[in-house]
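Structural description and commentary
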Amino acid sequence: MKRLYSIVLTFVFCMGIFLPVVYAGPGKIVPFISLKQEYTDNLSFSSSNEKEDFITTCTGGIKLAYDSETVKSKVTGQLFHLFYWDNDDLDATNGSVDASVKYQATERIGLGASADYRQDSRRDTDADTTGLILNGDRERANFSLSSSMTLSETMQGEMSAGFGLVQVEALNYDEDNDSYSLNFGLSKNLSKTFDNTTGLLNFSYLHYTSENQTYAPGTSISTRSYMDYESDVFQLYTGFSKAITELYSFYLQAGVSYTDTTEGKRVVLTGAFPSINIPSADQDSDTLGGVLLSGVNYDGLYWDLGISVSHDVRGGTGSNGTVERSSISFDLDRKVSDEFSLLFRTSCYLNQNERSTQADLEELTFNVQPGFKYQFLDTFSLSGIYRYTMMDDRQTNTSTQRSLVYLTLRKDFEL
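Residues numbered from 1 in each chain as written. Predicted model: local features only at pLDDT ≥ 70, side-chain atom pairs only at ≥ 80, totals over all residues. Heavy atoms only, no water.

1. Concerning the nonpolar core
Spelled out, the test is: As used in this record, nonpolar core signifies buried Ala, Val, Leu, Ile, Met, Phe, Trp, Tyr and Cys residues forming a set joined through side-chain atoms within 4.5 Å. Only protein chains enter the area calculation, which uses a 1.4 Å probe; residues under 20% of their type maximum are buried, those over 50% are exposed, and those in between are partly exposed. Counting from the N terminus, the helices are the DSSP runs of H or I reaching at least four residues and the strands are the DSSP runs of E reaching at least two. Only heavy atoms enter the contact rule, under which two residues are in contact if any of them lie within 4.5 Å.
Leu-43, Ile-55, Phe-80, Leu-82 and Tyr-84 form the largest nonpolar core, which has five residues in total. For this core, the element with the highest residue contribution is strand 3 (residues 71-84), accounting for three residues. With sequence-adjacent residues up to four places away left out, Leu-82 is seen in contact with Ile-55, Thr-56, Thr-57, Asp-91, Ala-92, Asn-94 and Arg-122.

2. Quick look at the pattern of salt bridges
Note the following rule: By definition here, a salt bridge exists when the distance from a side-chain nitrogen of Lys or Arg to a carboxyl oxygen of Asp or Glu is within 4 Å.
Evaluated as defined, the whole model comprises nine salt bridges. When the shortest N-O distance is used, the salt bridge between Lys-72 and Asp-67 registers 2.6 Å. Taking the shortest distance from any N to any O, the salt bridge between Glu-362 and Arg-394 comes out at 3.6 Å. Note that Glu-362 is positioned in strand 17 (residues 361-377) and Arg-394 in the loop between strand 18 (380-393) and strand 19 (398-412), a separation of 32 residues in sequence. Exposure remark for Arg-394: the relative accessible area of 38% places this residue in the partly exposed category. Several salt bridges converge on common partners, so that one network encompasses Glu-362, Asp-392 and Arg-394.

3. Focus: the packing of aromatic side chains
Stated formally: The rule is short: rings of Phe, Tyr and Trp, with Trp giving its six-membered ring, pair when the centres are within 6.5 Å, and they are stacked under 30 degrees, edge-to-face over 60, tilted in between.
Enumeration according to the criterion identifies twelve aromatic pairs in this entry. Aromatic side chains Phe-143 and Phe-163 sit 5.9 Å apart centroid to centroid with 45° between the ring planes, which places their arrangement in the tilted category. Taken together, the residues Phe-143 in strand 6 (residues 137-150) and Phe-163 in strand 7 (residues 155-170) connect sequence positions 20 residues apart. Judged by relative accessible area, Phe-163 falls into the partly exposed class, the value being 25%.

4. Some words on a nonpolar patch on the surface
Quick note on the threshold: The patches described consist of residues with a relative accessible area above 30% and no salt bridge, like charges being joined within 9 Å and nonpolar side chains (Val, Leu, Ile, Met, Phe, Trp, Tyr) within 5 Å. Every accessible area reported is derived by Shrake-Rupley at a probe size of 1.4 Å, with residue values counting cover from the shown protein chains alone.
A cluster of nonpolar side chains, Met-159, Phe-184, Leu-201, Phe-203, Phe-234, Leu-236, Val-256, Tyr-258 and Leu-288, forms an exposed patch at the surface whose accessible area comes to about 840 Å². Looking at the nonpolar patch, the elements with two or more residues in it are strand 9 (197-216), strand 10 (221-243) and strand 11 (248-271). The residue Phe-203 is located in strand 9 in this model. Overall, the relative accessible area of 36% leaves Phe-203 in the partly exposed class.

5. What to know about the pairing of strand 9
The test is simple: We call two strands paired when DSSP finds no fewer than two bridges between them.
Inspection of the sheet shows strand 8 (residues 173-189) paired to strand 9 by 17 bridges, in the antiparallel sense. Residue Glu-175 lies in a different strand from strand 9, and its bridge partner there is Asn-212. For strand 9 and strand 10, the ladder comprises 20 bridges, and the chain directions are antiparallel. Counted as the bridge partner of Tyr-205 is Phe-234 from strand 10. Hairpin connection from strand 9 to strand 10: four residues lie between these consecutive antiparallel strands.

6. Notes on a positive patch on the surface
Worth spelling out the cut-off: In summary, the charge assignment counts Lys and Arg as positive and Asp and Glu as negative, without counting His or the chain termini. Every charge is mapped to an atom, namely NZ of Lys, CZ of Arg, CG of Asp or CD of Glu.
Residues Lys-63, Lys-74, Lys-102 and Lys-373 make up a contiguous surface patch of positive charge. Within the secondary structure layout, Lys-373 lies in strand 17. We classify Lys-373 as partly exposed; its relative accessible area is 40%.

7. With respect to the pairing of strand 8
For strand 7 and strand 8, the ladder comprises 16 bridges, and the chain directions are antiparallel. Looking across to strand 8, one finds that Glu-169 is bridged to Asp-174. Connecting the antiparallel pair strand 7 and strand 8 is a turn made up of two residues, with Asn-172 showing a positive phi of about 60°.

Below you can see the structure in the form of structure tokens.
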């Protein structure tokens, strides 16, 4: 696992070092720093032991970008240190780096690659994007290759392949997740029959493995439980996108998913006797489900609006396996002036997983987030957010709530 993280991280840094040198002409280098001050009334996102705290985050990073007729590339790297005012044992230095490059090889063929790496220790990192609350320190790495091809005057095709890794380390708990994915898509202009309409067809394959171990120390006997989870997920869906007006657009895709899963479990007892290994028979299951992707977008002069609804099967870090995820989100941006904007975000996620080797998963997470951004200089900005998050664990009948507010001051240095 660590070796693969190093490979991805090395690839990203190499892109960051060499791309701006090779393409120095239209390239751009933008270092940046930011200071973020936040307050939370539930630091550990606990349902029974709520602690409030102030957190100061200092961030420094750099953006490298190159943009020409045939090549578009960018690299962003940053380090951020978290200072907890009351719980300084949680102080940590985290970081992330990501890179992407797109190359238009010919008029018909485009190629691309991307990679990213992130180290994180906050529980709420994914709450407003996946609905899952995670414990422990995490390392993530992703790598993908893609290609696009113009097949005819009205049809285009896209293919991509990627792998991802996530490692979670917490007290008496470790988890490793690996994923391999293949995606293929076709789009066809149907305007001759339906005005401003594009037909869409997509197929995806995901191979997802999750391995975790839980340690329960005891006075005379300690227990270490190992759980393995392996899934193959096939999804096929089709639909269309339509430009209703110059400002409004709509898309809808629907289809089916098939998931084949194998679960394994074994328990090791240690103490004042030789270790005892207690294996359990593997449990196989398959599930047939549906896929739905739909949304409406409005892109105006002063208002931007987006509504999306989705239902599919995805990897679920922290949940020991894949999850069947249903979500709905609403985004609204209001441009008050050239410098000042108001923001509003709200989302709801339902993550479910029926399992044989442990308790089922059924978590409903709701987020609401109003805020603002003020660009008072070309390279100086101030933003503020209030975020309320509620997570309802329907298996344990517990509910967790948290309110968080923060201000971020950011300065970019264009070289």
